[in-house]
Amino acid sequence: MPFSEESMDGFAVERVRDDFIEARFIEKFIYEEVNADPFGKEAIIERTGYRSTDFTLFAQFPYIEVRNGQRSIKEFVNRLLQACNFNLVVSPLTVNVHDWVASFQNILGQKILVDSLQLSGVEVEEGITGKILLKGNRDVREAIDNIVGGKRYVLEKVQVKLTASSKIMSIHLANNGTAKIPTDHTSDLLPLLRQSFPNGKS
């Protein structure tokens, strides 16, 4: 299902190796733009735009990695299923963010700071749960036990700060397996995040 000038969407394969495939899913969309001149006359101009989703398919876990994903990847997933003759199951992941941060710090070889995190499903009392956002100028993980006490909770998101190339940068990790990293450090950080990614449960 290659993307061409005539198609509205399709795939462009970048690299094929024994254990992975790197490709892009490209969508073309057409929209109308209305321009008005100083005399009130309107002209409708038809524009063409493109959306691109970069992805890698792996032979091993986690099997698929999506980069620069659009707000909705439903169309991408539908086309991927179609390209695989529907012999494919795509299911969401839940990863342990604590483990991801610890593994990332170990691989990075330097101490990192978690200065923000979000908890959900915190049992306030029977039948009542809450969501908590912690922020600080030191590692906020130390405060979790003081706040939740032994109650159950879900660690949803963390913001990690680290130093790279003499710059302090922030990385956001979430329990759905997503990471937001500075675009100018993608080539440096993405392999480390991929290597430290914990085996999740679908």
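The structure we're discussing is the one just above.
One structure accompanies this document, and this report is about it. Values in this document were obtained by computation on a predicted structure and should not be read as measured data. Counting starts from 1 at the beginning of each chain's written sequence and moves along it residue by residue. Reporting of local features is limited, given that this is a predicted model, to residues whose pLDDT is at least 70; pairs of side-chain atoms are given and counted only at 80 or more, and all residues count toward the totals for whole chains, interfaces and linings. Side-chain numbers come from the whole structure's heavy atoms, not from hydrogens or water.

With that settled, consider the overall build of the protein. Each helix and strand in the protein was counted, giving four helices and nine strands. Runs of E in the DSSP output that reach at least two residues are strands. Runs of H or I that reach at least four are helices, and both are numbered from the N terminus. When the helices and strands of the protein are placed in sequence order, the string is β-β-β-β-α-α-β-β-α-β-β-β-α. In terms of overall dimensions, the protein is more spread out than a globule: its C-alpha atoms have a radius of gyration of 22 Å, far above the 17 Å expected for 202 residues. Its C-alpha atoms give the protein principal-axis dimensions of about 65 × 55 × 45 Å. Note on exposure labels: buried denotes an accessible area under 20% of the residue type's maximum, exposed denotes more than 50%, and partly exposed covers the range between, all computed with a 1.4 Å probe on protein chains only. Counting the 202 residues in the protein, one finds 29% classified as buried. The long-range fraction of contacts in the protein, counting pairs at least 24 apart against all pairs at least 6 apart in sequence, stands at 47%. In summary, the charge assignment counts Lys and Arg as positive and Asp and Glu as negative, without counting His or the chain termini. To locate a charge, the coordinates of NZ of Lys, CZ of Arg, CG of Asp or CD of Glu are taken. Of the side-chain charges in the protein, 24 are positive and 27 negative, and the distance between the mean point of each set is 4 Å. Only C-alpha atoms enter the radius of gyration, while the globule expectation follows 2.2 Å times N to the 0.38, with N the number of residues. Residue contacts are defined here by distance: any two heavy atoms, one from each residue, within 4.5 Å place the two residues in contact.

Inspection of the secondary structure assignment puts D9 in strand 1 (residues 9-16). The class for D9 is buried, based on a relative accessible area of 15%. Of note is the side chain of D9, whose polar atom sits 3.2 Å from the side chain of R79. Each polar contact in these results corresponds to two N or O atoms within 3.5 Å; when the atoms are within protein, one needs to be able to donate a hydrogen and the other to accept it, and residues that are neighboring in sequence are counted only if both atoms are side-chain atoms.

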